[in-house]
Amino acid sequence: LAAEAGDGGGDGGGDGGDAQHVVAVQGEVAASVEEARRKMAMQAEGLGALVDGVEALCVRAERAAEVFSKALADNDFRGLPHVDSPQALLKSLVASKK
């Protein structure tokens, strides 16, 4: 672009057509840059929303895992009453020795 703008048509007496061409090209570049900025801003906004959604999903998954692990532990140890009560464990051990 600089070579075209500085050339002046080769005869040194350009009629301004080259200057108009440079201005038109600069306007196209500015429009392209603005469009790229707009697209990048939209992508950044979309990625931000995606991250927020993933964080919320992780929180829900952690809560669900907590509930399921508690329910699993409650059901797994239901047949072992001494797990939560050392007194019940001692009674069952003493009873088994008799």
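Residues numbered from 1 in each chain as written. Predicted model: local features only at pLDDT ≥ 70, side-chain atom pairs only at ≥ 80, totals over all residues. Heavy atoms only, no water.

### A short note on the overall build of the protein
At step 1: For the protein, the helix and strand inventory stands at 3 helices and 0 strands.
At step 2: In the protein, the succession of α and β elements from N to C terminus is α-α-α.
At step 3: Total accessible area on the protein stands at roughly 8,400 Å², and carbon and sulfur atoms take up 61% of it. (Helix = DSSP H or I, 4+ residues; strand = E, 2+ residues; numbered from the N terminus. Areas by Shrake-Rupley, 256 points an atom, 1.4 Å probe, with all protein chains shown as cover.)

### What to know about a nonpolar patch on the surface
At step 1: Taken together, Leu 47, Leu 50 and Val 54 make up a surface patch of nonpolar side chains, about 280 Å² in accessible area.
At step 2: As for its placement among the helices and strands, Val 54 is situated in helix α2 (residues 17–76). (Patch = residues over 30% accessible without salt bridge, like charges linked within 9 Å, V, L, I, M, F, W, Y side chains within 5 Å. Salt bridge = Lys/Arg side-chain N within 4 Å of Asp/Glu carboxyl O.)

### Things to note about helix α3 (residues 86–97)
At step 1: Its 12 residues place the ends of α3 17 Å apart at the C-alpha level, agreeing with the 16 Å of an ideal helix rising 1.5 Å per residue.
At step 2: Across the 12 residues of α3, 0 count as buried, placing the element largely on the outside. (Expected span 1.5 Å × (residues − 1). Buried < 20%, exposed > 50% of the residue type's maximum accessible area, 1.4 Å probe, protein only.)

### Observations concerning the confidence of the model for the protein
Interpretation of this model should avoid reading the predicted coordinates in detail wherever pLDDT is low.
At step 1: Scored by pLDDT, the protein has a mean of 79; 71% of the residues are at 70 or more.
At step 2: Per-residue pLDDT, averaged within each element of the protein, yields its smallest value for helix α1 (residues 2–7) (47) and its largest for α2 (90).
At step 3: The low-confidence segment residues 1–12 (pLDDT under 50) makes 9 contacts with residues lying over four places distant or belonging to another chain. (pLDDT = per-residue confidence, 0-100. Contact = heavy atoms within 4.5 Å.)

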